[in-house]
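As a plain string of letters, each chain reads:
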Amino acid sequence: MKTEIEKLNLEAIDDKIIAKAAAIIRDGGLVAFPTETVYGLGADAMQASAAKKIYEAKGRPSDNPLIVHIAEVSDLRNLTDEVPGKAVKLAKAFWPGPLTMIFEKTDIVPYGTTGGLDTVAVRMPSDPIARELILAGGGFVSAPSANTSGRPSPTTAEHVSEDLSGKIDMIIDGGSVDIGLESTILDMTVNPPMILRPGAITAEMFEEVIDHVTIDETILGIETKKAPKAPGMKYRHYAPKAKLTIVEGNIREEVLAIRQLVYEAIRQGKRVGIIATNETIEIGR
Ligand code: AMP
Ligand code: MG
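Here is a short report on the structure shown in this document. (Residues numbered from 1 in each chain as written. Chains lettered and ligands numbered in written order. Predicted model: local features only at pLDDT ≥ 70, side-chain atom pairs only at ≥ 80, totals over all residues. Heavy atoms only, no water.)

### Here's the deal with the packing of aromatic side chains
Inspection of every chain in the model, using the stated rule, returns one aromatic pair. On the basis of an interplanar angle of 80° and a centroid distance of 5.5 Å, the ring pair of Phe94 and Phe206 is categorised as edge-to-face. One end of the pair, Phe94, is in helix 4 (residues 85-94); the other, Phe206, is in helix 8 (residues 203-207), and 112 residues separate them in sequence. Across this residue pair, the class does not change: Phe94 and Phe206 are buried. One cation-aromatic arrangement involves Lys105 over Tyr111; the distance from NZ or CZ to the ring centre is 4.2 Å. (Phe/Tyr/Trp six-rings, centres within 6.5 Å; stacked < 30°, edge-to-face > 60°. Helix = DSSP H or I, 4+ residues; strand = E, 2+ residues; numbered from the N terminus. Buried < 20%, exposed > 50% of the residue type's maximum accessible area, 1.4 Å probe, protein only. Lys NZ or Arg CZ within 6 Å of the ring centre and 35° of its normal.)

### A look at the pattern of salt bridges
Applying the stated criterion across every chain yields a total of 10 salt bridges. Across the pair Arg131 and Glu72 runs a salt bridge whose closest N-O atoms are separated by 3.6 Å. With Arg131 in helix 6 (residues 128-136) and Glu72 in the loop between strand 4 (67-69) and helix 3 (76-79), this residue pair connects regions lying 59 residues apart in the sequence. What makes Arg131 partly exposed here is its relative accessible area of 30%. Taking the shortest distance from any N to any O, the salt bridge between Glu217 and Lys226 comes out at 2.9 Å. Glu217 sits in the partly exposed class, given a relative accessible area of 36%. (Salt bridge = Lys/Arg side-chain N within 4 Å of Asp/Glu carboxyl O.)

### Quick word on the site of ligand 1
Close to ligand 1 lie 21 residues; Arg60, Thr119, Ile185, Arg197 and Gly232 are nearest. One of the side-chain nitrogen or oxygen atoms of Arg60 is found 2.8 Å away from an oxygen atom of ligand 1. In this structure, Pro231 approaches ligand 1 through a main-chain N or O atom, which is 3.2 Å from an oxygen atom. If ligand 1 stood free it would expose 500 Å²; the protein chains cover 95% of that surface. When contributions to the shell around ligand 1 are tallied by element, the ones reaching two or more residues are strand 6 (119-123) and strand 10 (194-197). Its residues placed into classes, the shell around ligand 1 shows 13 nonpolar, four polar and four charged. (Near = heavy atom within 4 Å. Polar contact = N/O pair within 3.5 Å; in protein donor to acceptor, adjacent residues only side chain to side chain. Areas by Shrake-Rupley, 256 points an atom, 1.4 Å probe, with all protein chains shown as cover. Nonpolar A, V, L, I, M, F, W, Y, C, P; charged D, E, K, R; others polar.)

### Some points on the environment of Thr218
Position of Thr218 relative to the elements: it lies in the loop between strand 11 (214-215) and helix 9 (251-267). Sequence separation between Thr218 and Lys234 is 16 residues; the distance between their C-alpha atoms is 9.5 Å. A polar atom in the side chain of Thr218 sits 3.0 Å from the side chain of Asp216.

### Description of the pairing of strand 8 (residues 170-173)
Judged by which residues are buried, strand 8 turns out to be covered on both faces: Met170 and Ile172 on one side and Ile171 and Asp173 on the other are all buried. By the bridge criterion, four bridges tie strand 1 (residues 4-7) to strand 8 in an arrangement that is parallel. Residue Ile5 lies in a different strand from strand 8, and its bridge partner there is Ile171. In this structure, strand 2 (residues 31-34) lies alongside strand 8, joined through two bridges in parallel fashion. By the bridge assignment for strand 8, Val31 is matched with Met170. (Pairing = 2+ DSSP bridges.)

### Description of the sheet that holds strand 8
Judged by pairing direction, the sheet is mixed, and its 11 strands sit side by side in the order 1-8-2-3-7-4-6-5-9-10-11 without closing on themselves. Here the strands that pair on one side only, and so sit at the sheet edges, are strand 1 and strand 11. Summarising the sheet, strand 4 and strand 7 (residues 141-142) pair through two bridges and their orientation is antiparallel. When the bridges of strand 7 are listed, His69 appears paired with Val141. Seen against the sheet, helix 2 (residues 48-58) touches strand 3 (39-44) and strand 7 and runs at an angle of roughly 145° to strand 3. In the packing of helix 7 (residues 157-164) onto the sheet, contacts are made with strand 1, strand 2, strand 3 and strand 8, and the angle to strand 8 comes to roughly 165°. (Contact = heavy atoms within 4.5 Å. Axes fitted to C-alpha atoms, helices over the stretch in contact; angles between N-to-C directions.)

Printed below as a string of structure tokens:
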């Protein structure tokens, strides 16, 4: 399959390109597009066969459910019959944005999209390209990160192309995305709601809007035999193709150790990158 790449300018979104991409989605094909979190691999969420293509292109285990992306809050009514009051408040506060909420699903949502679960994950992204594409594509677009399963999530169209070129119909290149971190997943089928995956929105931010949230204990790194409630959390993620070394200690020791490692690697002809924080970047220079 040849993967078409189309550039889109955020300031003047070309309707013709959106229409072309939307037609691919409505026909059950795959289009990668930018969202404010990471690039997503979009397919019609209401077609089980389209969901199947996502799993194949990503090499994603089929029990790892997809998030359904909508562009209008009112479309939530098609996906679930039970929208708790707290969800309405959270949607007002954080949608469009990097929040995914889990609800009991309606019959029209295929099990192929929910990984066989009776619940559905829903998000409303704020990226204008994502919004236009969802609206034109039928209103319900499942979109996991547009990378091969296990690899880092893509924040540019080039990353998507490296991973998925030849396996998907189209890539919309809308430049680099803002957040680079997945949405926070909040289970609204339990009370108080439970964070199943940490992300851009924190527990403290939720608690400014609703009284209390809990966190799935299995994702806190505490020894437990239970499986995480978000099936995807049990899989390997963010695995770069490079060797990664974590250096821990006091800041001076860290800087020295990192310099040593870098020196050694460069002498061996390797390319090296250092991940630093605002506090450590200056001191490490
Ligand atoms: P991704 O779109 O690749 O960032 O991953 C979607 C995440 O949402 C995975 O960790 C899934 O396990 C999780 N997820 C999707 N649907 C559900 C659901 N119905 N219940 C719990 N977790 C879900
Ligand atoms: Mg992912």
